[in-house]
Amino acid sequence: MNPNRRIFLKNSAIATSGIILAPWLLESCDSPSGNQSESSPKEMFFKISLAEWSLHKALFAGKITNMDFPALAKNEFGVDGIEYVNQFFKDKAKDTGYLTELKTRADDLGLKTLLIMIDGEGSLGAPEESERRSAVENHYKWVEAAKFLGCHSIRVNAHGEGTAEEVHAGAVQGLSSLATFAQDYGLNVIVENHGGYSSDGSWLTSVMAEINMENCGTLPDFGNFCLKRTDDGCAEEYDRYKGVTEMMKFAKAVSAKTNDFDASGNETHTDYKRMMQIVKDAGYRGFVGIEYEGRDLDEYEGIRASKALLEKVGAELS
């Protein structure tokens with residue numbers, strides 16, 4: 001189709017339907033997959049992946065399943081990599097048949113399976129040794145599953161009950177032990193700023209520095225820096241730009257958290273150009289994973305808005 005005619009028809013369809021879309025979303029209207037338009041950058045200093053948590057509402061509601069995720073990521077959103085969440089296939093870590101089908105679906109689509117985000121398997125930073133050991137062993141099956149699927153990492157949490165010093169010591173022991181196990185599988189163990197002490201960038205990076213293992217690192221999330229939460233929301237927040245800067249020294253993945261967007265398509269809580277400049281300056285050239293958690297846009301629209309923002313900033317910085 002003639003490009004001018006296509007643009008005319010697209011604009012006419014939008015106008016006659018009575019739907020008003022923000023200009024920054026129009027670039028993704030050329031195809032249902034939201035793939036880059038002709039004017040989008042061909043090369044950026046990073047690639048875009050999709051974290052499964054971006055679709056957690058649809059998954060918890062049973063509208064889609066974990067097995068549907070690879071096709072949705074590729075065909076609906078046009079990303080190159082995927083990041084699983086263990087909550088959506090928690091009883092399948094040792095199910096070889098299930099994992100084989102999941103891997104086949106991703107491979108057939110040309111997707112890179114990057115990591116599994118692990119929750120609910122115990123406190124790796126527990127000061128009490130038996131509790132910490134149990135948590136470490138609970139993660140073994142996910143290291144094995146991640147290796148089977150072709151991942152480079154599992155994302156874990158450095159949680160524990162106690163003082164900052166006690167949990168620091170526990171996290172060093174727990175993460176070191178798990179990373180030692182993961183070495184034999186060629187897997188990284190990476191920690192996200194994910195509440196509690198881990199949302200303090202200086203605390204988390206001091207844990208990493210003490211561990212000092214090549215396959216133990218971080219997954220900086222642009223938005224998880226709440227240090228103290230109340231019923232009214234976050235009462236105290238660690239500076240997100242400082243935190244990401246600190247964590248990038250140990251980063252083996254990056255999580256692009258989004259919640260709300262203004263009329264120009266910018267995230268209202270995070271200056272994405274400033275944040276992605278930090279990522280670039282750290283020498284990072286891997287995948288940046290979309291993790292949409294907003295409420296105003298539905299999950300599909302929120303993912304597309306997040307991708308459009310990353311592509312816009314990527315074009316400016318590349």
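The structure this text deals with has already been given above.
Structure report, in brief. The model shown is predicted, which means the values in this text are computed figures rather than measured ones.

Let us look at the state of the cysteines. Simply put, the disulfide is a covalent bond whose two ends are the sulfur atoms of two cysteines. The full count for this structure, using the stated rule, is one disulfide. Two residues, Cys226 and Cys234, share a disulfide whose sulfurs are 2.3 Å apart. Judged by the sign of its S-S torsion, about 110 degrees, the cystine formed by Cys226 and Cys234 is right-handed. What makes Cys226 buried here is its relative accessible area of 10%. Classification of Cys234 as partly exposed rests on a relative accessible area of 36%.

Before going further, it helps to spend a moment on the pairing of strand E10 (residues 287–292). Where burial is concerned, most of E10 is hidden: six out of the six residues are buried. Burial along E10 is two-sided: the residues Phe287, Gly289 and Glu291 and Val288, Ile290 and Tyr292 are all buried. Across four bridges, strand E1 (residues 47–51) lies against E10 in parallel orientation. Directly across from Ser49, in E10, lies its bridge partner Gly289. Strand direction decides the pairing type here: strand E9 (residues 254–258) and E10, joined by five bridges, are parallel. Looking across to E10, one finds that Ala256 is bridged to Ile290. One crossover worth recording links E9 to the parallel E10 by way of helix H11 (residues 272–281), and it is right-handed.

What counts and what doesn't
- Residues numbered from 1 in each chain as written.
- Predicted model: local features only at pLDDT ≥ 70, side-chain atom pairs only at ≥ 80, totals over all residues.
- Heavy atoms only, no water.
- Disulfide = S-S within 2.5 Å.
- Buried < 20%, exposed > 50% of the residue type's maximum accessible area, 1.4 Å probe, protein only.
- Helix = DSSP H or I, 4+ residues; strand = E, 2+ residues; numbered from the N terminus.
- Pairing = 2+ DSSP bridges.
- Right-handed = clockwise from strand over helix to strand, strands pointing away.

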